[in-house]
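Here's the letter readout for the chains.
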Amino acid sequence: MTISKENTTGRVCLIGAGPGDEGLITVQGLRMLRLADVVVYDMLANPRLLNEVRPDAEHVPVGMRGESDKLSQDQINALLIDRAKQGYFVVRLKGGDPYLFGRGAEEVAAVTRSGIGCQVVPGVTSGIAAPMAAGIPVSRRDVASTVTFVTGHEDPTKGQMQVDYRALAGLIQAGGTVCFFMAVGRWQEITDALSGYGAVAQTPVAVVERGFTPLQRCIRSDLAKATKAMKQANLKSPAIMVVGPVAAISEPGLEFYIRRPLFTQRVVITRTRHQASKLYDMLSEFGAHVLEAPTIEFKPPEDWGQIDKAITHLDQFDWLVLTSVNGVEALAKRLGFLSLDARDLAGVKIAAIGDATESELRARLGIQADLVPPHYVAESLGQQLIDGGFVKDRKFLLLRADIARPKLHQMLNEAGGQVKDLAIYETKRAQRLPEDVLAALRRKEVDWVTFTSSSTAINMAEMLGGERDLIQDLNIASIGPITSQTVRDLGWTINVEADPSNLRGLVAAIVQASHANTKC
Ligand code: SAH
């Protein structure tokens, strides 16, 4: 008997993505996700997790219940089975934990019935994590000894209520915690039912909306006033409603998530998508809500002729000067393309502008720069080379962006050096600002805009066109003096400037300024 391919390789894995923050997926979940041929994902799974999926994998978004244009549960089951039968490794990525009010068990049963292998990776549930991010521990020895998870949205096809509100009220009266999922819009029914069975009016209630995300909100109240408070705050799904004494706990240490220095700050970053992730991660780590608006795209030079000639004859130069991380990356790639490596740079001295360029050199090529100027601008490097007596009658190869300033070239020339100045990468303005960023700017829902080079500022101004004023009243953070000057020339005002002129300096400057703002 021949065994067909689909019966040996096709399989399904349900993975819990955790709630909100993409970092809450488990290590095993992430490993499996990276192997997927097909990913079928919920709206509640953080979309940034899709960056972990192989670019050639198929992405299938499927909605939550209640969204009529999205796939039904039967259709989802059929999709999982169909793709697995075609021999694919299908990952079903679900928000929180797959089994907790997530129909995970139904999907496993359907897949298994069709003869396909199925695995499950548990996830962090929002029932615990969302209250945690709001400073609420769901259990605490001296306060709550039971935690109950309840669906606030009874399946109407069940015909009768399965939730025993009398029992829940009893647990709450004994100090227990009840976490309601899918309770948005049902505040009245839930609080009425609990009160009706004897839970006292002063029982603490907290609702955490979009828990473990930078947009998280938490409204605290009590059983008697909860409905009004939640309606007033216009809380939307997804949210967890916590009922019981723990919902009143408020202590600084427990509020680690909301006390991060940039929590509630909305920051636009303007670098290329390729470069953005480091800044994104650093800002997110401090709690900021980061909006990506790439203003630049990089592309290789149209013609490699001169560059190839220079890097295959490096012995003709005394110094190789690299002015950016991107320049190092482009050089490393080109060396590889030409079947060269770091050994071919052995005879030439290397100067780098900026500590990021320096560490990129070490990481990509294993090379320690011979010279890194104290200030991360071309003038500082030029001066140091001149002061060191390294310039007169020496030959320099400058590999830089097409739009780099001519200053270094001029300084070296004037001091008697010979300079070969080549663009190893080209920059292009991005086409347009992403819709979500433009909308946020128009609604004044942005606190900071960051510029990490002059071109990010110039391009932003061009992309905004007649709407340049949208930036006027925002806080602007710049990476260094040259960028700041460009920003001023564009008619905007600089609020903070990084010192040192690198990403860490930029983030530190924003943190410091935000801290000062919240103090006054
Ligand atoms: N399996 C998921 C729950 C799915 S049901 C889990 O374990 O978390 C969907 C409900 O989960 C939402 O209606 C909401 O009540 C809750 N939920 C999911 N993500 C949330 C988040 N980030 N913040 C608050 N509640 C969330």
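Check the entry above for the structure.
Before going into details, it helps to say that this report is about the structure given with it. These figures come from a predicted structure and were not determined experimentally.

### Considering the overall build of the chain
Here's step 1: When helices and strands are tallied, the chain shows 18 helices and 20 strands.
Here's step 2: Taken along the three principal axes of its C-alpha coordinates, the chain extends 90 × 75 × 45 Å.
Here's step 3: A sequence separation of at least 24 residues applies to 69% of the contacts in the chain between residues at least 6 apart.
Here's step 4: Element-wise, carbon and sulfur atoms account for 50% of the exposed surface of the chain, whose accessible area totals about 25,000 Å².

### Notes on the sheet that holds strand S20 (residues 496-497)
Here's step 1: With parallel pairing, 5 strands are arranged side by side in an open sheet as S12-S11-S18-S19-S20. Looking at the sheet topology across the chains shown, the edges are occupied by strand S12 (289-292) and S20.
Here's step 2: Inspection of the sheet shows strand S11 (residues 266-269) paired to strand S18 (residues 448-451) by 3 bridges, in the parallel sense. In the sheet register, Val-267 faces S18, and the bridge partner there is Trp-448.
Here's step 3: Packing of helix H9 (residues 273-285) onto the sheet brings it into contact with S11, S12 and S18, and relative to S12 it is tilted by some 170°.

### Thoughts on the pattern of salt bridges
Here's step 1: Taken as a whole and assessed by the stated rule, the structure comprises 30 salt bridges.
Here's step 2: Among the ionic pairs, Arg-140 bridges to Asp-142, the shortest N-O distance being 3.1 Å.
Here's step 3: Between Glu-462 and Arg-429 there is a salt bridge, with its nearest N and O atoms 2.9 Å apart. You can see Glu-462 sitting in helix H16 (residues 454-464) and its partner Arg-429 sitting in strand S17 (residues 418-429), a full 33 residues away along the chain.
Here's step 4: Given a relative accessible area of 38%, Arg-429 falls into the partly exposed group.
Here's step 5: Sharing partners across several salt bridges, the network here consists of Asp-42, Arg-92, Lys-94 and Glu-107.

### Observations regarding a nonpolar patch on the surface
Here's step 1: A cluster of nonpolar residues, Ile-128, Met-132 and Phe-256, forms a patch on the protein surface that exposes about 260 Å² of accessible area.
Here's step 2: Residue placement: Met-132 occurs in helix H5 (residues 126-133).

Parameters at a glance
- Residues numbered from 1 in each chain as written.
- Predicted model: local features only at pLDDT ≥ 70, side-chain atom pairs only at ≥ 80, totals over all residues.
- Heavy atoms only, no water.
- Helix = DSSP H or I, 4+ residues; strand = E, 2+ residues; numbered from the N terminus.
- Contact = heavy atoms within 4.5 Å.
- Areas by Shrake-Rupley, 256 points an atom, 1.4 Å probe, with all protein chains shown as cover.
- Pairing = 2+ DSSP bridges.
- Axes fitted to C-alpha atoms, helices over the stretch in contact; angles between N-to-C directions.
- Salt bridge = Lys/Arg side-chain N within 4 Å of Asp/Glu carboxyl O.
- Buried < 20%, exposed > 50% of the residue type's maximum accessible area, 1.4 Å probe, protein only.
- Patch = residues over 30% accessible without salt bridge, like charges linked within 9 Å, V, L, I, M, F, W, Y side chains within 5 Å.

Keep in mind that these numbers describe shape and distance, not what the molecule does.
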